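This is what each chain is made of:
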Amino acid sequence: MSSNTKSDPTIFVIFGGTGDLTSRKIGPALYNLFLDGWMPSQFSIIGTGRTQYSDEQFRENLYNDLSQFSRSGVPDKEKWAAFAQNVYYQVSDVKNAETYKEFGKRIEKHSADWKAKPNVIYYLAVSPNLFPIIASNLAKAKLADDKNRTRIVIEKPFGHDLDTAKELNQLLSSIFDECQIYRIDHYLGKETVQNIMAFRFANSIMEPLWNRNFIEHVQISVSEQLGVEERGDYYDGSGALRDMIQNHLLQLLCHIAMEPPVSFNADEVRDRKVDVLKAMRKFGPDDVRMSAVRGQYGSGWMKGKEVPAYRDEPKVDPESNTETFAAIKFFIDNWRWQGVPFYLRTGKRLHQSSSVITIQFKDVPHLIFPTEAAESWQQNRLIISIQPEMSIRLQVQAKRPGIDMILNAVDMVFDYKGTYTQQAPEAYETLILDTMLGDQTLFMRGDQVEAAWELVMPILSTWQNKKSLNFPNYSADSWGPESAEALIARDGFNWFTLPVQGKK
Ligand code: BG6
């Protein structure tokens, strides 16, 4: 997130080097950082996996991945050659001590060649059951001893529930100091998410309004058109609550609800987020029934194509009880937010792919206009659009031009496209650069992860223990089950959706 300095010489070891995440995100991010001049002058990337590849084969695969997935498109031959000479592959068996000896030798060789002690980043882009094995073996091989120069990056899911998250935290902290552990939540690296802090804390006009006196309710909606695709084996053991709410949506909520940190120091910022999670009201069994809605998609049509029901997706249990949609109403018990509902909603196979935060302000205390003037009355709203549109809109009432006094809602818009010409970096670029620079502001601290798990556990166990009798309960290309509409309608509100760009 920071800085305009480069990191020290760095060795970047990717466990899961042949996996999907490396192809789509990590590889392109490293290459784009190189193109933009952020990589240190001495670096080496070592992909590792069980597949037998030579360095050349691994580079070739990476080249093809970049051509397909990188925001910078097909690599320029010369730039690619300059980058690729730093890329290596090591066949590995993460359970075997020999693998780690090999890493040790490579690290020593680079240190000798570079005449410098490098930072070493171990990036665990592997299945979570391998996290403890790899971390322990790194320790046994004494590859984690240098607390200043060794870092470990852990992808989500961080634990399957509160207990497993605690276990993993305990294991990691027996090997690494907290300042060496980088738990990824890629939403925190998104440009528009980082901008929430800028918007709130670099402007003086928002803070006086940012509380229960002026804000009526908040909505955080992350909807996806995609189904589970090829990830049925992971997703069926996870579901929307674990996959999205426990991490991404609660982090968005923290950005909206946190108190101003004293400084931009990583722990200061994370302390303020933990404060929010701790102040959130915990659910009892009745609250789950009243304030949490789950859904699972049935078959349907999307963009003119027939799509299968969740239970018919590959590697999904045909009687699965896993939710692909969740909508939850939370409260935050503190001075700023007492009584203000926060509605969170996320789901797959929904009508639109969009992540939008809507802050609805309270109504005017007294309406001076005749009813006819205010037929399309709309309370003020602040709409922070995270993706695909990247914008902040303030909806205000205006007088429509004409002899009559007729009011309608208009948008005051800050939109990235119209304001900036440069392309925003991908979340993974920001986050990977931060691991190299040693900046943890955008990473999840251990207590933050546990606080988020604590919050969702009552919902998780209620849903797990009680099979849903009406799954599937929403069809593809809808906005989820009707009960999600009812959840918010009971309080007199409705879900806000941003019009698709280009459509009026
Ligand atoms: C991942 C989830 O963390 O986030 C996926 O595991 C989800 O299920 C994805 O599709 C959404 O991320 P983005 O950046 O596409 O909004």
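Placed above this text is the structure.
Being a predicted model, the structure only gives us computed values, none of them experimental. In this numbering scheme, every chain counts its residues from 1 along its sequence in written order. The model is predicted, so local features are restricted to residues of pLDDT at least 70 and side-chain atom pairs to those at 80 or more, both for listing and for counting; the totals for chains, interfaces and linings are taken over all residues. Hydrogens and water are ignored here; the side-chain numbers use all heavy atoms of the structure.

Draft legend 1. Here's a closer look at the overall build of the chain. Tallying secondary structure elements over the chain gives 15 helices and 16 strands in all. Here the C-alpha atoms of the chain give a radius of gyration of 24 Å, agreeing with the 23 Å that 2.2 N^0.38 yields for 504 residues. In terms of overall dimensions, the chain has a C-alpha envelope of 80 × 50 × 45 Å along the principal axes. Type-normalised accessible area, obtained with a 1.4 Å probe on protein chains alone, sets the label of each residue: buried when under 20%, exposed when over 50%, and partly exposed for intermediate values. Looking at the chain as a whole, 54% of its 504 residues are labelled buried. In what follows, residue pairs with any heavy atoms lying within 4.5 Å of each other are defined as contacts. A separation threshold of at least 6 residues defines the contact pool for the chain, and within that pool the share at least 24 residues apart is 78%. A total of about 22,800 Å² of accessible surface is found on the chain, and carbon and sulfur atoms cover 52% of it. Think of it this way: Lys and Arg go in the positive column, Asp and Glu in the negative one, and His and the chain ends go nowhere. Each charge is placed at NZ for Lys, CZ for Arg, CG for Asp and CD for Glu. Of the charged side chains in the chain, 57 are positive and 64 negative; the average position of the first set lies 1 Å away from that of the second. Strands are runs of DSSP state E lasting at least 2 residues, helices are runs of H or I lasting at least 4, and numbering of each runs from the N terminus. We take the radius of gyration over the C-alpha atoms and set the globule estimate at 2.2 Å times the residue count to the 0.38 power. Surface accessibility in these figures is a Shrake-Rupley result with a 1.4 Å probe; residues are shielded only by whichever protein chains are displayed.

Draft legend 2. Local environment of empty space enclosed by the protein. Think of a 1 Å grid over just the protein atoms. A cavity is a set of points where a 1.4 Å probe fits yet cannot get out, a pocket is an open set with protein on both sides within 12 Å along at least five of seven lines, and lining residues have an atom within 4 Å of a point. Grid points are joined across faces, edges and corners, and a volume is the space filled by probe spheres set on the points. One pass over the full model with this rule turns up 3 cavities of 30 Å³ or more. The volume enclosed by the largest cavity comes to roughly 90 Å³. Taken together, Ile154, Glu155, Lys156, Phe158, Arg183, Ile184, Asp185, Gln246, Asn247, Met444, Val449 and Trp453 make up the lining of the largest cavity. Those elements that provide at least two residues to the lining of the largest cavity are helix 9 (240-257) and helix 14 (446-465). The classification used treats Ala, Val, Leu, Ile, Met, Phe, Trp, Tyr, Cys and Pro as nonpolar, Asp, Glu, Lys and Arg as charged, and all other residues, Gly among them, as polar. Grouping the constituent residues of the lining of the largest cavity by class yields 6 nonpolar, 2 polar and 4 charged.

Draft legend 3. The packing of helix 10 (residues 266-279) against helix 14, seen in detail. Convention adopted: a line fitted to C-alpha atoms gives each axis, helices being fitted over their contacting stretch, and angles between N-to-C directions are expressed from 0 to 180 degrees. Between helix 10 and helix 14, the shortest axis-to-axis distance is 9 Å and the interhelical angle comes to 15°. Considering their axes alone, helix 10 and helix 14 lie roughly parallel with respect to each other. Read as a crossing pair, helix 10 and helix 14 show a hand that is left-handed. In this structure, helix 10 uses Arg270, Lys273, Val274 and Leu277 to contact helix 14, whose residues at the interface are Asp447, Gln448, Ala451 and Ala452. By residue class, the composition of the contact of helix 10 with helix 14 is 4 nonpolar, 1 polar and 3 charged. Working rule for angles: under 35 degrees goes down as roughly parallel, over 145 as roughly antiparallel, 65 to 115 as roughly perpendicular, anything else as oblique. Rotating anticlockwise by less than a right angle from the far helix to the near helix defines a left-handed crossing, while the corresponding clockwise rotation defines a right-handed one.

Draft legend 4. Up close: the side chain of Ser478. With respect to the element layout, Ser478 can be found in the loop between helix 14 and helix 15 (482-489). For Ser478, a relative accessible area of 17% corresponds to the buried category. Residues adjacent in sequence count toward polar contacts only when both atoms are side-chain atoms; beyond that, a polar contact is any pair of N or O atoms within 3.5 Å, and within protein one must be able to donate a hydrogen and the other to accept it. A polar contact is formed between the side chain of Ser478 and the backbone oxygen of Ser475, at a distance of 2.7 Å. Polar side-chain contacts of Ser478 include one of 3.1 Å to the backbone nitrogen of Gly480. Apart from the residues lying within four places of it in its own chain, the contact partners of Ser478 are Arg349, Leu350 and His351.

Draft legend 5. How the structure looks around the sheet that holds strand 4 (residues 119-124). By this definition, two strands are paired if DSSP reports at least two bridges between them. Taken together, the 6 strands give an open sheet; going across it, the order is 3-2-1-4-5-6, and neighbouring strands pair in parallel fashion. Edge strands, defined here as strands with exactly one partner in the open sheet, are strand 3 (87-91) and strand 6 (181-183). Ignoring strand direction, the axes of neighbouring strands in this sheet form an average angle of 20°. By the bridge criterion, 3 bridges tie strand 5 (residues 150-154) to strand 6 in an arrangement that is parallel. Looking at the pairing, Ile152 lines up with Ile181 of strand 6.

Draft legend 6. Structural detail: helix 3 (residues 77-84). Within helix 3 the residues assigned to the buried category are Trp80, Phe83 and Ala84. Relative to the axis of helix 3, the buried residues are bounded by an arc of 90° and lie together on one face. On its buried side, helix 3 packs onto helix 1 (20-35), strand 2 (43-49), helix 2 (55-69) and strand 3. The N-cap residue of helix 3 is Asp76: its side-chain oxygen and the backbone nitrogen of Glu78 are 3.1 Å apart. Comment: arc refers to directions from the helix axis out to C-beta atoms.

Draft legend 7. Looking closely at the packing of helix 1 against helix 3. Put simply, helix 1 and helix 3 touch, their axes get as near as 11 Å, and they point 110° apart. Here helix 1 is positioned roughly perpendicular relative to helix 3, judged by the angle of their axes. Residues Leu30, Tyr31, Phe34 and Leu35 of helix 1 touch helix 3, and the partners they reach there are Lys79, Trp80, Ala82 and Phe83. Broken down by class, the residue content of the contact of helix 1 with helix 3 amounts to 7 nonpolar, no polar and 1 charged.

Draft legend 8. Fine view of the packing of aromatic side chains. Here is the rule: rings of Phe, Tyr and Trp (six-membered ring for Trp) pair when centre to centre is within 6.5 Å. Planes less than 30 degrees apart are stacked, more than 60 are edge-to-face, and the remainder are tilted. Taken as a whole, this structure holds 28 aromatic pairs when the rule is applied. With a centroid separation of 5.9 Å and an interplanar angle of 45°, the aromatic rings of Phe12 and Tyr123 are classed as tilted. Here Phe12 is found in strand 1 (residues 10-15), whereas its partner Tyr123 is found in strand 4, with 111 residues between them in sequence. Between Phe15 and Phe103, the aromatic rings sit 5.5 Å apart at their centres with planes inclined by 75°, giving edge-to-face as the arrangement. Within this pair, whereas Phe15 is found in strand 1, its partner Phe103 is found in helix 4 (residues 97-114), the two being separated by 88 residues in sequence. Each member of the pair, Phe15 as well as Phe103, carries the same accessibility label: buried. Ring-pair connections join several aromatic residues into one group, and the members of that group are Tyr31, Phe34, Phe43, Tyr63, Trp80 and Phe83. Positioned above the aromatic ring of Tyr88 is the side chain of Arg59, whose terminal nitrogen or guanidinium carbon lies 5.7 Å from the ring centre. Think of it as a cone above the ring: NZ of Lys or CZ of Arg counts as a charge over the ring if it is within 6 Å of the ring centre and within 35 degrees of the ring normal.

Draft legend 9. Seen up close, the layout of surface pockets. Roughly 450 Å³ of volume is contained in the second largest pocket. Around the second largest pocket sit 19 residues that line it, and Val288, Arg289, Ala292, Arg294 and Trp463 are the ones nearest its centre. Counting residues per element, the ones that place at least two in the lining of the second largest pocket are helix 11 (285-291), strand 8 (292-295), helix 14 and helix 15. With 4 residues, helix 11 is the largest single contributor of residues to the lining of the second largest pocket. Taken together, the residues of the lining of the second largest pocket break down into 9 nonpolar, 5 polar and 5 charged.

Draft legend 10. Expanded view of the sheet that holds strand 14 (residues 381-387). Across the sheet, 8 strands lie side by side as 8-11-12-7-13-14-15-16; this open sheet has mixed pairing. This sheet does not close on itself; its edge strands, each paired only once, are strand 8 and strand 16 (407-415). Across the sheet, the axes of successive neighbouring strands diverge by a mean angle of 15°, strand direction being ignored. One ladder, built from 9 bridges, connects strand 15 (residues 391-399) with strand 16; its direction is antiparallel. Residue pairing for strand 16: Ile392 is matched across the bridge by Phe414. Its contacts with the sheet place helix 9 against strand 7 (215-223), strand 11 (325-330), strand 12 (342-347), strand 13 (354-361) and strand 14, and it is angled at close to 140° to strand 12.

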